Amino acid sequence: MAIKQWAAGVAVAAFAAVGAYVYLDTGRAEAPASTFVLLDGSSKSTADLKGKVTLVNFWATSCTTCVAEMPEIIATYNKYNSKGFDTLAVAMSYDPPSYVVNFAETRKLPFQVAIDNTGKVAKAWGDVQLTPSTFIVNKRGEIVKTYVGAPNFPELHQLIEKLLAET
């Protein structure tokens, strides 16, 4: 009986430790090495993200939540861009390039847009399959927060301000 209680105690402690680790966000992972192919044909690498706080958003033109959150992403970019914040929107491999170009032009997206034609970028970033999926990368190139679905934008803005204040 004592062994069962001990094992249960160890299991609870382990679960609490994992929960604290996730909750306290101490597990910062380096953003995966990737090459983003931008709409203008140029490319950007993960290394290029260092030195800025960056929002990397995986999205699709067929995703209603993605389309609905885009004005908030634009507003966030416009609010913080002059302070060292950047945004990179990565269209999923199944999104027709002509749709992505049309969306970016008609919505006047002020940030860079990439098309993940091969799916390699989504795979590298944790095998992203659900859109929108948004990653917040700090100035050191570490992923500090991930959102699946639309972010809570007031919370996101607080996080961006905190990360911009870091040296």
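Residues numbered from 1 in each chain as written. Predicted model: local features only at pLDDT ≥ 70, side-chain atom pairs only at ≥ 80, totals over all residues. Heavy atoms only, no water.

S.K.: How would you sum up helix H2 (residues 64-80)? Please name residues and give values.
M.R.: Given a rise of 1.5 Å per residue, 17 residues ought to cover 24 Å, and the 25 Å separating the end C-alpha atoms of H2 matches this to within 8%. The largest bend in H2 amounts to roughly 40° and is located at Met-70, with the proline Pro-71 lying one to four residues further along. Those residues of H2 lying buried are Cys-66, Glu-69, Met-70, Ile-73, Ile-74, Thr-76, Tyr-77 and Tyr-80. The inward-facing, buried residues of H2 contact strand E4 (53-59), strand E5 (85-91), helix H3 (97-106), strand E7 (133-137) and helix H5 (153-165). (Helix = DSSP H or I, 4+ residues; strand = E, 2+ residues; numbered from the N terminus. Expected span 1.5 Å × (residues − 1). Bend = angle between axes of the 7 residues up to and from the residue. Buried < 20%, exposed > 50% of the residue type's maximum accessible area, 1.4 Å probe, protein only. Contact = heavy atoms within 4.5 Å.)

S.K.: Hey, could you go over the packing of aromatic side chains for me, with residue numbers and the actual values?
M.R.: Evaluated as defined, the whole model comprises seven aromatic pairs. Taking 6.1 Å as the distance between ring centres and 55° as the angle between the ring planes, the aromatic pair formed by Phe-58 and Trp-125 counts as tilted. Of this pair, Phe-58 sits in strand E4 while Trp-125 sits in the loop between helix H4 (120-124) and E7; the two residues are 67 residues apart in sequence, bridging distant segments of the chain. Accessibility expressed as a relative area gives 4% for Trp-125, which makes it buried. With a centroid separation of 5.0 Å and 45° between ring planes, the pair formed by Trp-59 and Phe-103 is classed as tilted. (Phe/Tyr/Trp six-rings, centres within 6.5 Å; stacked < 30°, edge-to-face > 60°.)

S.K.: I'd like to hear about the environment of Glu-142, residue by residue, with values.
M.R.: Within the secondary structure, Glu-142 sits in strand E8 (residues 142-148). With relative accessibility at 18%, the residue Glu-142 sits in the buried group. Considered as a pair, Glu-142 and Val-53 are 89 residues apart in the sequence and their alpha carbons are 9.5 Å apart. Within the structure, Glu-142 has its side chain in polar contact with the side chain of Arg-140 (distance 3.3 Å). (Polar contact = N/O pair within 3.5 Å; in protein donor to acceptor, adjacent residues only side chain to side chain.)

S.K.: Give me the pairing of strand E6 (residues 112-115): which residues, what numbers.
M.R.: As paired elements, E5 and E6 share four bridges and run parallel to each other. Bridge pairing in E6 links Val-90 to Ala-114. (Pairing = 2+ DSSP bridges.)

S.K.: Residues and numbers for the state of the cysteines, please.
M.R.: For the structure on display, the rule yields one disulfide. The partner cysteine of Cys-63 in its disulfide is Cys-66, sulfur to sulfur 2.4 Å. Looking along the S-S bond of the Cys-63-Cys-66 disulfide, the torsion reads about 80°, which is the right-handed sense. (Disulfide = S-S within 2.5 Å.)

S.K.: Can you lay out the packing of H2 against H5 for me, pointing to particular residues and giving the numbers?
M.R.: Interhelical geometry of H2 versus H5 gives an angle of 25° and a closest axis separation of 12 Å. By the angle class used here, H2 and H5 are roughly parallel. With respect to the hand of their crossing, H2 and H5 are arranged in right-handed fashion. Where H2 approaches H5, its residues Glu-69, Glu-72, Ile-73, Thr-76, Lys-79 and Tyr-80 are matched on the opposing element by Phe-153, His-157, Ile-160, Glu-161 and Leu-164. In terms of residue class, the contact of H2 with H5 is built from five nonpolar, two polar and four charged. (Axes fitted to C-alpha atoms, helices over the stretch in contact; angles between N-to-C directions. Parallel < 35°, antiparallel > 145°, perpendicular 65-115°, else oblique. Left-handed = near helix turned anticlockwise from the far one by under 90°. Nonpolar A, V, L, I, M, F, W, Y, C, P; charged D, E, K, R; others polar.)

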